[in-house]
Amino acid sequence: MRRAFLLNAVALLGLAATTAPVALAQSFESKVIRIVVPAASTTPPDIISRIIANELSSREGWRVIVENRPGAGGIVAGNDVLRQPADGTSILAVFLPNVAAPAIMNVPYRLDVDFSPLIKVSVSYNALVVNPLFPAHSVAELVALLKRQPDKYNFSSGGYGTPAHLIGELFKLQAGVHATHVPYQQFPQAISDLLNGTNDYMFITMLPVVDLINAGELRALAVTGPRRVPALKDVPTIVEAGFPQLVVEDWVGFIVKAGTPTETVMRLNQAINRAITSSKVRESFARIGAEPAGGASEKFGELLKSQLVHWQKVVTEAGIKIQP
């Protein structure tokens, strides 16, 4: 009797081991996977998430959709995902403003505690641009102007806590200069006022301005990457300009609710890593000035923690506060 019981127990354990991956696969095949993006449609995080969603749908046979939940520094989207089951079917897209948000406002959760890292999806860089009539043709000339007339010039952004704002403040700290921050609620208006000379300079994601730079409507002084970007191969890096501490990655990554089974996290990570290797995905990324990242979930977790610490320090040193 005891021997029969033990044999049955072993058999059941073996069955569980072989059927668990199948059950996991079936759970994804029978449900809709949501990628919740804390940004508006057509923004880089949205576009990148949609590229991955399309590739996962075609490669894995899953139903993957993207839902935009902008607002409150990512809190709207984060709360949405935290209200869902921890089963991997709700994925939160995160990017630079989300790791800076806790230093600027009261965020009711912690990205490194209430969520589990999934994968770093992409990397891109910003361009430091000015109006063609602006009297600086290099970063050194811009710094000299700002030091000579510290109360005259300004830089614009798409709002408090956006990459343009954060990198602009970091630039001021690194260069020892002063300039007035001009935030906009509408990103296109920030670009428009840069084009007409209302504002002086801006650190901006390359997606909306590569064509403007190549057409001579904006002048790029540098890109914030460690090496030159193919789309702007004639533009020097911020390292070449003498500011190696201003290398800033404008990354996009995915996280899931804490408590999601390790097997689920691993399966999603592996599927997205496969998707990133697709030539179609790489070409789509390249068109918007992004590069595929990928890697282990643990590695992305380390990045999240280091970024939270880094931007807390920048926000504190720069005295960044959300203005009414």
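Note that residues are indexed from 1 along each chain, following the sequence as it is written. With pLDDT at 70 or above as the cut-off, local features in this predicted model cover only qualifying residues; side-chain atom pairs require 80 or more to be listed or tallied, and sums for whole chains, interfaces and linings still use all residues. To obtain the side-chain values, all non-hydrogen atoms of the structure were included, while hydrogens and water were left out.

## Observations concerning the packing of helix α2 (residues 44–60) against helix α9 (residues 262–276)
Relative to each other, α2 and α9 sit at 105°, their axes nearing to 9 Å. When the axis of α2 is compared with that of α9, the two are roughly perpendicular. Taking contact as the criterion, the partners of I52, E55, L56, R59 and E60 in α2 are, on α9, A271, I272, R274, A275 and I276. Partitioning the contact of α2 with α9 into residue classes produces 6 nonpolar, no polar and 4 charged. Each axis is a line fitted through C-alpha atoms, taken for helices only over the stretch in contact, and angles between the N-to-C directions span 0 to 180 degrees. Here a helix means four or more residues in a row that DSSP labels H or I, a strand means two or more in a row labelled E, and each is numbered from the N terminus. Oblique is the label for every angle not falling under 35 degrees (roughly parallel), over 145 degrees (roughly antiparallel), or within 65 to 115 degrees (roughly perpendicular). Should any heavy atoms of two residues lie within 4.5 Å, those residues are counted as being in contact. The nonpolar class holds Ala, Val, Leu, Ile, Met, Phe, Trp, Tyr, Cys and Pro. Asp, Glu, Lys and Arg form the charged class, and all remaining residues, Gly among them, are polar.

## Description of the layout of surface pockets
Only protein atoms enter the calculation, which uses a 1 Å grid: trapped sets of points that fit a 1.4 Å probe without letting it out are cavities, open sets showing protein on both sides within 12 Å along at least five of seven lines are pockets, and any residue with an atom within 4 Å of a point is a lining residue. Grid points are joined across faces, edges and corners, and a volume is the space filled by probe spheres set on the points. Estimates place the volume of the largest pocket at around 1100 Å³. Taken together, 43 residues form the lining of the largest pocket, with A39, T43, F95, G158 and T162 sitting closest to its centre. Among the elements that line the lining of the largest pocket, the one with the most residues is helix α4 (residues 96–104), at 4 residues. A breakdown of the residues in the lining of the largest pocket according to their chemical character gives 26 nonpolar, 16 polar and 1 charged.

## As for the nonpolar core
Residues grouped as a nonpolar core are buried Ala, Val, Leu, Ile, Met, Phe, Trp, Tyr and Cys residues, joined through side-chain atoms within 4.5 Å. Each residue is placed in one exposure class: buried if its accessible area under a 1.4 Å probe, protein chains only, is under 20% of its type's maximum, exposed if it is over 50%, and partly exposed if it falls in between. One finds V139, L142, F171, Y201 and W311 to be the most contacted residues of the largest nonpolar core, which totals 52 residues. Examining the composition of this core, we find that 7 residues originate from one element, helix α11 (residues 297–318), more than from any other. Residues within four places of V139 in sequence aside, it is in contact with L128, F171, L221, A222, I238, A241 and F243.

## Quick word on unusual backbone geometry
Despite not being glycine, T42 has its phi angle at roughly 75°, a positive value. Examined against the element boundaries, T42 turns out to sit in the loop between β1 (32–37) and α2. Using a relative accessible area of 56% as the deciding quantity, one classes T42 as exposed. In the Ramachandran plot, A72 falls in the positive-phi region, its phi being about 55° despite a non-glycine side chain. In this fold, A72 is placed in the loop between β2 (63–68) and α3 (75–82).

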